[in-house]
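# Report on the structure
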2 protein chains.
Amino acid sequence: MSRNNAGLSRERIILEALHIIAGRGLGGLSMRRLGDALEVEAMAIYHHFPLGKEQLFNAITAYVASPAPQGTVPIDPADLAGGGGEEGETEDPAAAEAGDTRPWDVRLTEWAHAYRARLLEFSGALSLLVHRAPQTPSTAATRALLHRALTEAGLSGQDVQRGADAVHSYCVGAVVHQVRHQDEEDAPDEGEARARFDFGLRALLRGLV
Amino acid sequence: MSRNNAGLSRERIILEALHIIAGRGLGGLSMRRLGDALEVEAMAIYHHFPLGKEQLFNAITAYVASPAPQGTVPIDPADLAGGGGEEGETEDPAAAEAGDTRPWDVRLTEWAHAYRARLLEFSGALSLLVHRAPQTPSTAATRALLHRALTEAGLSGQDVQRGADAVHSYCVGAVVHQVRHQDEEDAPDEGEARARFDFGLRALLRGLV
DNA sequence: ACCTGAACACCGTTCAAGT
DNA sequence: ACCTGAACACCGTTCAAGT
């Protein structure tokens, strides 16, 4: 029991926290329980997140809201109150998208589906997103992607930003709506849930252009 | 200090809880602090919410998500796990709306603005909505209103339900988006925030019909 | 640098007791 | 019926100490 290097890392901590959240809900995540799962004293976590649980929540939010290539945990010692991580580690998804020659609506819809899938995968942490908007390479890439697509669609001026906000809002809202109602008796299965998501997304895009 | 009837009620408790949440955030709401604010021992709250904090959270969610006439607190001893209150006390907003002869998009937009205002007013409790979908007279009235409006707009079959979900999703998502980013330096003022909300809502309605 | 272990203030909830 | 007050298990975090 008396080791002094348990191989802890921000990434391991975040992943284990997400695992606990998936199993017991956000309220079931305590520093002590997280320490147990990592086979470490709870206080060891504070060496990696000196600002405590709030900073851990910020990092979890940045991870969940960044549908980047797997393993790309934002690593930044300064994701202080209100901020998120900053550094990615694999190739830049914005650069990969820049040369994409497919129609704007195909690119946008593909992004929306990926984002939706990510939020659903970590739906237990979804409520963290309500009061945190971390800035990561992934969120910057998303903004660039949405702006390029909507500009190509014919929007200009402030309509580009407003359109991007509308698309982003719809995606988050649709996932929240699904998660909110998923325990009801007449809840749709994943096929119908996705069909509803697409129905609204198509309508929004149609009305936007 | 030795009174045994402090005039506590579910409504007073919910209102005081909302006041604490507005001032110190959801994490700042504790049963002990709530008791202090109500000038009562924390344990007195359990007489009105026997299932504890979880039941209180459900009741708060039902209150926030029910933009009914002021003072209409859902009063139901059985808003158990996952459920909300059931009984309203003032006149039925669905009945009031039934004879509304204005165009469908006007009625729908008016509802959306009222709902948005309600969610913004209690934005500190917004994250409670993510995992709770209370059923109240107000939510039933909302469903009826949306279905009537979208049917009048020409939708039919499952498109009515899908369209209603899309509108609902967009409204919640837009408020979440605004609250998420409201502490940033380039955050829009309320005028611009509302303009963005309208921009997306109009686009969605345009694409829906 | 990385982790432990005791300590402190606070928390949700139970339960027996008061009126 | 409505509220109190002590008690219990648990929590986040600080701090001095170990390696």
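Provided above is the structure to which this section pertains.
Residues numbered from 1 in each chain as written. Chains lettered and ligands numbered in written order. Predicted model: local features only at pLDDT ≥ 70, side-chain atom pairs only at ≥ 80, totals over all residues. Heavy atoms only, no water.

### Focus: the relation of the copies chain A and chain B
- Note on the identical chains: chain A maps onto chain B by a rotation of 180° and an axial translation of 0.0 Å, with an RMSD of 0.0 Å. This pairing of chains is accounted for by a two-fold axis.
- In this assembly, 100% of the residues forming the interface of chain A have copies in chain B that are likewise at the interface, indicating an isologous arrangement. (Least-squares fit on C-alpha atoms with pLDDT ≥ 70 in both. Contact = heavy atoms within 4.5 Å.)

### Quick look at the nonpolar core
- Ranked by size, the top nonpolar core spans 116 residues in total, and within it A:I60 and B:I60 carry the most contacts.
- Sequence-distant contacts of A:I60, that is, excluding residues within four places in its chain, are made with A:I14, A:A17, A:L18, A:I21, A:L29, A:A125 and A:L128. (Core = buried A, V, L, I, M, F, W, Y, C linked by side-chain atoms within 4.5 Å. Buried < 20%, exposed > 50% of the residue type's maximum accessible area, 1.4 Å probe, protein only.)

### Details of the protein's contact with DNA strand D
- Taken together, 22 residues lie around DNA strand D, and A:R32, A:M43, A:K53, B:A6 and B:E41 are the ones closest in.
- Counted by atom, the contact set of DNA strand D within 4 Å of the protein is 60% sugar and phosphate.
- Within the side chain of A:Y46, one N or O atom sits 2.8 Å away from a phosphate oxygen of DNA strand D.
- B:G7 places a polar main-chain atom, nitrogen or oxygen, 3.4 Å from a phosphate oxygen of DNA strand D.
- Sorting the residues of the surface near DNA strand D by element identifies α2 (31-37) of chain A together with α3 (45-48) of chain B as the ones contributing at least two each.
- For the surface near DNA strand D, the per-class residue count stands at nine nonpolar, eight polar and five charged. (Near = heavy atom within 4 Å. Polar contact = N/O pair within 3.5 Å; in protein donor to acceptor, adjacent residues only side chain to side chain. Helix = DSSP H or I, 4+ residues; strand = E, 2+ residues; numbered from the N terminus. Nonpolar A, V, L, I, M, F, W, Y, C, P; charged D, E, K, R; others polar.)

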